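What follows is each chain in one-letter form.
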Amino acid sequence: MPRLLRLTSWPLTVKVPLLVAGLMVAIAVAISQIVLARLARDQETNLRLLSNAYLDGLSAAVLPAVIRSDIWETFDALDRARGRYSGVKVRYAFVELPNETILAASDPDRFPVMKPVPEKLRKEFPKDDGLAIDEASGRAWLTRTLRTEGFSVGRIHAEIDIADLLRVRHQVLLTLLLANGGLALAFALIGYFAVKHMLQPLSVLTRYVERIRDGRLEPIPQRYRRNVASEFGQIFDRFNAMARTLSERETLATQLAEQEKYAMLGRLASGMAHEVNNPLGGMLNAIDTIQAHGNDPAVVQTSLEFLKRGLAGIRNVVRAALVTYKGGSGTVLTPAELDDLPFLVQHETGVRRLRLEWCNRVEAPLAIDGPAVRQVVLNLLLNACAASPVAGAVAVEAAPADGGLRITVSDEGPGLPIELAALLEQPETPAPSRAGKGLGLWTTAHLVRRLGGRVAVERPGTGTRVVVTLPVVPTKETTRDAA
Amino acid sequence: MPAIGRSRPARGSSITRRRLLLGLGAAAALGLARASAAETFSFGLTPVFLDNDIELLSMLERYLTGRLRRPVALIKRRTYQEISALLISGQLDAAWICDDPYVQYRNQLTLLAVPLYHHRPLYQTYIIVNEASRAQDFDDIRGTVHAFSDPDSTSGYLITRWLLALRHTMPAQFFREFFFTYGHRNVIRAVGSGLAESGSIDGYVWDVMRDREPDLVRKTRIVYRSEWLGFPPMVAPNARANEPAVKAFAAALLDAASDPLGRQILDILALDGFTTGTPDMYQSTLDKWRVVKAQV
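The numbering scheme is per chain: residues are counted from 1 as the chain's sequence reads. Whichever chain is written first is A, and whichever ligand is written first is 1; the rest continue in order. At least 70 in pLDDT is required for a residue's local features to be given in this predicted model, at least 80 for side-chain atom pairs to be given and counted, and no such filter applies to totals for whole chains, interfaces and linings, which use all residues.

## Thoughts on the overall build of chain A
Link 1 in the chain: If you tally the helices and strands in chain A, you get 16 helices and 10 strands.
Link 2 in the chain: Partly exposed residues are those falling between the two cut-offs: more than 12 but fewer than 20 other C-beta atoms within 10 Å of their own, whereas 20 or more means buried and 12 or fewer means exposed, with C-beta atoms placed from the backbone. Here chain A holds 483 residues, and 26% of them are scored as buried.
Link 3 in the chain: What counts as a contact here is a pair of residues whose C-beta atoms, placed from the backbone, lie within 7 Å. For chain A, long-range pairs separated by at least 24 residues make up 65% of all intrachain contacts whose partners lie at least 6 apart in sequence. Numbering goes from the N terminus for both helices and strands, where a helix is a DSSP run of H or I of at least four residues and a strand is a run of E of at least two.

## Looking at the overall build of chain B
Link 1 in the chain: Counting secondary structure elements, chain B contains 13 helices and 13 strands.
Link 2 in the chain: Here chain B holds 296 residues, and the buried ones make up 47% of them.

## Concerning the interface of chain B and chain A
Link 1 in the chain: Taken together, the contacts link 10 residues of chain B with 10 residues of chain A.
Link 2 in the chain: Listed by contribution, the elements that provide at least two residues to the side of chain B that touches chain A are strand E8 (177-180) and helix H8 (184-193) of chain B.
Link 3 in the chain: The nonpolar class holds Ala, Val, Leu, Ile, Met, Phe, Trp, Tyr, Cys and Pro. Asp, Glu, Lys and Arg form the charged class, and all remaining residues, Gly among them, are polar. Among the residues making up the side of chain B that touches chain A, the classes are represented as five nonpolar, four polar and one charged.

## Overview of the nonpolar core
Link 1 in the chain: The nonpolar core is taken to be a set of buried Ala, Val, Leu, Ile, Met, Phe, Trp, Tyr and Cys residues joined by way of C-beta atoms within 7 Å. Formed by 110 residues in total, the largest nonpolar core has its most connected members in A:Ala104, B:Ala94, B:Leu112, B:Val235 and B:Phe249.
Link 2 in the chain: What B:Ala94 contacts, discounting residues up to four positions off in sequence, is B:Phe43, B:Leu112, B:Met234, B:Val235, B:Ala236, B:Val246 and B:Phe249.
Link 3 in the chain: Counting 39 residues, the second largest nonpolar core, distinct from the first, contains A:Val345, A:Leu354, A:Leu447 and A:Val466.

## Side note on helix H3 (residues 71-81) of chain A
Link 1 in the chain: With nine of 11 residues buried, H3(A) is to be regarded as a mostly interior element.
Link 2 in the chain: Where H3(A) is concerned, the buried positions are A:Ile71, A:Trp72, A:Glu73, A:Thr74, A:Phe75, A:Asp76, A:Ala77, A:Leu78 and A:Ala81.
Link 3 in the chain: For H3(A), the elements touching its buried residues are helix H2 (12-67), strand E1 (90-96) and strand E2 (102-105) of chain A together with E8 and H8 of chain B.
Link 4 in the chain: Backbone geometry just downstream of H3(A) places A:Gly83 in the positive-phi region, at approximately 75 degrees.

## Quick word on the packing of H2(A) against helix H5 (residues 163-198) of chain A
Helix packing geometry: the angle between the two helix axes and the distance between the axes.
Residue and element names in this part refer to chain A.
Link 1 in the chain: It is at 8 Å that the axes of H2 and H5 come closest, and there the two elements cross at 160 degrees. Our classification of the angle between H2 and H5 gives roughly antiparallel. In the packing of H2 onto H5, the handedness of the crossing is right-handed.
Link 2 in the chain: Partitioning the contact of H2 with H5 into residue classes produces 24 nonpolar, five polar and two charged. For helices, the axis comes from a line fit to the C-alpha atoms of the stretch in contact; other axes are also lines fit to C-alpha atoms, and the angle between any two N-to-C directions lies between 0 and 180 degrees. Each angle receives one of four descriptions, namely roughly parallel if under 35 degrees, roughly antiparallel if over 145, roughly perpendicular if within 65 to 115, and oblique otherwise. Handedness of a crossing is defined here by the sense of rotation of the near helix relative to the far one, left-handed for an anticlockwise turn of less than a right angle and right-handed for a clockwise turn.

## Some remarks on the sheet that holds E8(B)
Through backbone hydrogen bonds, the strands of a sheet pair up, either in parallel or in antiparallel fashion.
Residues and elements named next belong to chain B.
Link 1 in the chain: Here, any two strands with at least 2 DSSP bridges between them count as paired. With mixed pairing, five strands are arranged side by side in an open sheet as E8-E7-E9-E6-E10. Across the chains shown, the open sheet's two edge strands, defined by having one partner strand only, are E8 and strand E10 (220-225). Here the strands of the sheet are splayed against their neighbours by 25 degrees on average, with no regard to which way each runs.
Link 2 in the chain: The pairing of strand E6 (residues 125-130) with strand E9 (residues 198-202) spans five bridges and is antiparallel. Bridged to Ile-127 within E9 is Ser-200.
Link 3 in the chain: Lying on the sheet, helix H9 (residues 203-212) is in contact with E6, E9 and E10; it crosses E9 at an angle near 95 degrees.

## Quick look at unusual backbone geometry
Residues and elements named next belong to chain A.
Link 1 in the chain: Here the phi dihedral of Ala-391 falls at roughly 65 degrees; this positive angle occurs in a residue that is not glycine.
Link 2 in the chain: Relative to the assigned elements, Ala-391 resides in the loop between helix H13 (370-387) and strand E7 (393-401).
Link 3 in the chain: Here Ala-391 falls in the exposed class, since 10 other C-beta atoms lie within 10 Å of it.

## Here we look at the pairing of strand E7 (residues 145-148) of chain B
Residues and elements named next belong to chain B.
Link 1 in the chain: The side-chain alternation of E7 yields two buried faces, one formed by Val-145 and Ala-147 and the other by His-146 and Phe-148.
Link 2 in the chain: Of the pairings in the sheet, the one linking E7 to E8 comprises four bridges and is parallel in character. Within E8, the residue paired with Phe-148 across the bridge is Phe-180.
Link 3 in the chain: Alignment of E7 against E9, held across two bridges, turns out to be parallel. Counted as the bridge partner of His-146 is Ser-198 from E9.

## Notes on the confidence of the model for chain A
Link 1 in the chain: Overall, the predicted model of chain A reaches an average pLDDT of 83, with 91% of residues at or above 70.
Link 2 in the chain: Within chain A, no element has a lower average pLDDT than helix H16 (residues 476-482) of chain A, which sits at 44, and none a higher one than E2(A), at 94. pLDDT is a residue-level measure of predictor confidence that goes from 0 to 100.

## Some words on the sheet that holds strand E3 (residues 94-96) of chain B
All names here are of chain B.
Link 1 in the chain: Taken in spatial order, the six strands line up as E2-E1-E3-E12-E4-E13 in an open sheet, and their pairing is mixed. In this open sheet, the two edge strands, each paired with only one partner strand, are strand E2 (72-76) and strand E13 (273-275). Strand after strand, the sheet turns through a mean of 25 degrees between neighbouring axes, direction not considered.
Link 2 in the chain: Looking at chain direction, E3 and strand E12 (residues 234-237) are connected through two bridges and run antiparallel.

## What to know about the packing of helix H6 (residues 154-166) of chain B against helix H13 (residues 283-295) of chain B
Residues and elements named next belong to chain B.
Link 1 in the chain: For the pair H6 and H13, the least separation of the axes is 9 Å and the interaxial angle reads 60 degrees. Of the possible angle classes, the one that applies to H6 and H13 is oblique. As H6 packs across H13, the resulting crossing turns out to be left-handed. Packed against H6, whose contacting residues are Thr-154, Leu-158, Ile-159, Arg-161, Trp-162 and Ala-165, the element H13 presents Thr-285, Lys-288, Trp-289, Val-291, Val-292 and Gln-295 at the interface.
Link 2 in the chain: Considering only residue class, the contact of H6 with H13 consists of seven nonpolar, three polar and two charged.

## Looking at the environment of A:Val90
Residues and elements named next belong to chain A.
Link 1 in the chain: Looking at where Val-90 falls in the secondary structure, it is placed in strand E1.
Link 2 in the chain: When the 20 C-beta atoms within 10 Å are taken as the criterion, Val-90 is described as buried.
Link 3 in the chain: Separated by 68 residues in sequence, Val-90 and Ala-158 place their C-alpha atoms 6.8 Å apart.
Link 4 in the chain: Here Val-90 is in contact with Arg-82, Ala-158 and Ile-160, once residues within four sequence places are set aside.

In structure tokens form, the structure reads like this:
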């Protein structure tokens, strides 16, 4: 949900049309403002012109009557002027004498002759000659002083209905809103489809990049390469080139890892021969003992026990070798698969009198590539055995940690050379340059990266401690267990 | 205003000519004036309710021109006094004036014909108020804004002044405000619109207007009707009374009811015809004028 709220994470197909629509709305608002302001100004100018024309005509008509304070003639002029001026909707008009009484009004019922101007109304009219507009009430008020020979003989006041002007303004506003809203929507839609079309190659690219995550490294088919913009064409070409390189490297790495496995098995084979051969001597002695002293049940029992132990030892060694050779299941690591490993290094530890401290805290099967983990641990273990001084101690600890698996391999050797430590620790596995030298560690590093894990090399005073942290794919079962 | 436009050149030329002749000796001027009068007959009209009826003026001009066999100029002025002045000074051959100026200048004027309204040469004065007013009689209009028609009008001023004189008061004291509209129709407009709260009006005009412009008249209501008075007459200056043109003019009026065009004119005016009047028909008006005159 928060991802949806983050604007930067929105797809371009939405962002660009929204941007276009937003800009259109901004432009529309600005233009509407300008148009309406201009309209209002023009309307006011027109109103002033028309009002002045009305007042000019009316002044000329009433002035002689006002000079004589002639009620009838003044009324007659006001009455005749009513409705004669198109563009000025006069609601009423009246002439006020200098003594602030009304001489005559177009609406005598409301403004009786020789009565003072209602105080409430007086406030509405401009103090000096001119026009006062009140848009809220849709009215405007006019005042014009009637002068003869420089003396004021009275003033004309008129109230004008400007509702029509305001209605025109509202209509223009509505038209602008509809037109601009429609345009903004249309541009947004056009933008949406245009951008969607333009970004089509990007979605193809995204699809193929997504496939890499699933482990499928495929070049983009040629049919997509056609009909795309040149920029995308270049990107497609680069992607395909990269895909090819990566694919080749992956193949090479897999081959190397495979070879390393067999190389390791070869190395292990002689040790294993010892491990098989050693009990064999004892077992033959036991058979001889049974043949010689078959009557003594206690001797037979002891010899058979010895034989059983010898055979069990051989079986363990052979089984561990078989598992390593065959690979086993690629999706699950059982605790037993890890516990096999000490048998494979029995010879190494035995010859050098090393003390192997084996601690496997993994109690349930983990959803992780078992054979790969085995090879990683075996490689590190063999490396540690090789590095340890005679009668030294090698410790291996495997334990679930933070929803993953942590494997720690420690030795008391002189310490892992910096370049080899870097090979393990750096996030990218470089191409194996020197064949054979460090191939075991390179394979380890490669497998750890493939499993999505990382390696930390520590130097706790003496020796080396290699900590491998591997993520475990959460399965339904493990999720439920965790819950 | 085509009718007035048509009549203007004739009137203008005659007046200009007269003005030119004013510089000459009085006797010579009189003789020449008569000669010019033989050319164009000048007929003065006071604004009764005609001020709104161009068609009527055109018909009247046509009718009189046909009967008199000479051009007839219809002379209109804003006030009664202007027509009276023109008439007394001999600048008009005849005029239709109110009974008030007739009684004022009765010694210098000769009655030619009197209109018959509802078959009688009589009319009334009405005092009207706005329909919304609560006034019921004349005394209820005290303190109102009052619209008079004309200071020389019997119905539009004299009768009201007489009623006030009986109460020993004057318009300026009796009314909150008063003004003259110089037209009976304007009195109805003033009272109907609320500009004035009460008004003095020719009852004949009010009655006719009630049919012609009911929407306007409906906004007014009568609170006082005067006694019957002599109808505004057609008169000529005494000096012209015996001139053939003037006699022809009087005959044309008296015959109007039997002439198709004359009938049309009478219909528009809502009159039945004309009769020869006598000065005693205006005794009541004269009495009232004297009362008012005595008060000043």
